[in-house]
Amino acid sequence: MRSVKGMAELLLVEDDPVIGSALRDSLGSYGHRVRWARTGTQALQYVAEARADLVLVDLGLPDLDGIEVTRRIREAQPDVVIVVLTARREEIDVVVALDAGADDYLTKPFRLAELQARLRAHLRRGLARELAGDGRPLAVGPLEVDVAARRCRLGGSEVELRPKEFDLLARLCAGAGEALSRETLMADVWDEHWFGSSKTLDVHVGALRRRLAAAAVAASCEPPAIATLRGHGYRLERPEPTGT
Ligand code: CA
């Protein structure tokens, strides 16, 4: 699985001049085009002007709260990948940032090699191509995941998912009925060289459960169940065939 494009449009949102210039230079040297916003306000202006493939958001900004910036970037560009950078130690900030629309996070200080590995993982579309297979949607009970079109339907109604939620659901669907280990899910959906905590996985599973439950109510059908396998990972349950 490789990135399908060498150069990406990155938006860096970082007020610290030393960290910001180091990140801009190193990401630029990897061949990405980098715009650098020093404030949250400037970041929102940039996002309104042009699309980006990926946004790196420092949570500690001088003008706006980084979580609020994340939320507004997600609203403006539903498909962009957002990675938050945080110096905060509290896990709660990470959870709030993921809930606000971030796809991933890095805790400062981080190594540039780690950042680059994450970006590579986020920018590739290899998993989607692999799962798209013969182009037919994956179906589990009333759930239908069309990887080629990146659409998800439950009971015929469209379900809106964030990019990583979609990838995770597609991976679970591809292995429906199978126990999938945390390592497998992290490797396939995020990166094969995962450095950080896998809390990201649990938060995304939680979000998927909520979205599917809400969609099931709207479509008057049973939501597909994602079972937690303690000490192992997750399994998307195949529904029992109805005996009518
Ligand atoms: Ca800062």
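A quick note: this is a predicted structure, and the numbers were derived from the prediction, not measured. (Residues numbered from 1 in each chain as written. Predicted model: local features only at pLDDT ≥ 70, side-chain atom pairs only at ≥ 80, totals over all residues. Heavy atoms only, no water.)

Asker: I would appreciate a short explanation of the sheet that holds strand S11 (residues 226–229) in the present structure.
Answerer: Sheet strands associate in pairs through backbone hydrogen bonding, adopting either a parallel or an antiparallel arrangement. An order of S10-S12-S11 is seen for the three strands of this open sheet, with the pairing classed as antiparallel. Strands at the two margins of the open sheet, each flanked by one partner only, are strand S10 (180–181) and S11. Across the sheet, helix H7 (residues 163–174) touches S10, S11 and strand S12 (233–236), and the angle it forms with S12 is around 70°. (Pairing = 2+ DSSP bridges. Helix = DSSP H or I, 4+ residues; strand = E, 2+ residues; numbered from the N terminus. Contact = heavy atoms within 4.5 Å. Axes fitted to C-alpha atoms, helices over the stretch in contact; angles between N-to-C directions.)

Asker: Help me out: how do you make sense of the nonpolar core in this one?
Answerer: What tends to happen in soluble globular proteins is that the nonpolar side chains get buried as a cluster. Counting residues in each nonpolar core, the largest one holds 30 residues, and the members touching the most others are Leu-143, Val-145, Leu-168, Leu-169 and Leu-172. Those elements that place two or more of their residues in this core are strand S6 (138–140), strand S7 (143–146), strand S8 (151–154), H7, helix H8 (182–190), helix H9 (199–219) and S12. Excluding residues within four positions of it along the chain, Leu-169 makes contact with Leu-143, Val-145, Cys-152, Leu-161, Leu-208 and Leu-212. One finds Ala-43, Tyr-46, Ala-97 and Val-203 within the second-largest nonpolar core, a separate group that totals 25 residues. (Core = buried A, V, L, I, M, F, W, Y, C linked by side-chain atoms within 4.5 Å. Buried < 20%, exposed > 50% of the residue type's maximum accessible area, 1.4 Å probe, protein only.)

Asker: Mind showing me how you'd approach the packing of aromatic side chains here?
Answerer: When we look at a pair of aromatic rings, we describe it by the centre distance and by the angle of the planes. For the coordinates displayed, the defined rule picks out zero aromatic pairs. Here Arg-38 stacks its cationic end above the ring of Trp-36, 3.6 Å away from the centre of that ring. (Phe/Tyr/Trp six-rings, centres within 6.5 Å; stacked < 30°, edge-to-face > 60°. Lys NZ or Arg CZ within 6 Å of the ring centre and 35° of its normal.)

Asker: Mind showing me how you'd approach the coordination of the calcium ion here?
Answerer: Here the calcium ion is held by the protein donor atoms Asp-15 (OD), Asp-58 (OD) and Gly-60 (O), which lie 2.2 to 2.3 Å from it. When the donors of the calcium ion are listed by position in the chain, the intervening gaps give D-x42-D-x1-G. Of the two residues, Asp-15 sits in the loop between strand S1 (9–13) and helix H1 (17–29) while Asp-58 sits in strand S3 (residues 54–58), which places them 43 residues apart along the sequence. Overall, the relative accessible area of 5% leaves Asp-58 in the buried class. (Donors = N, O, S within 2.8 Å, 3.2 Å for Na, K, Ca; no water.)

Asker: Sorry, what's going on with the pairing of strand S2 (residues 33–37) here?
Answerer: Regular strands have side chains that alternate between both faces of the sheet. As paired strands, S1 and S2 are joined by five bridges and run parallel to one another. In the strand pairing of S2, Val-13 is matched with Ala-37. Once you follow S1 into H1 and on to S2, the crossover reads as right-handed. (Right-handed = clockwise from strand over helix to strand, strands pointing away.)

Everything listed here is a matter of geometry and, on its own, says nothing about what the molecule does.
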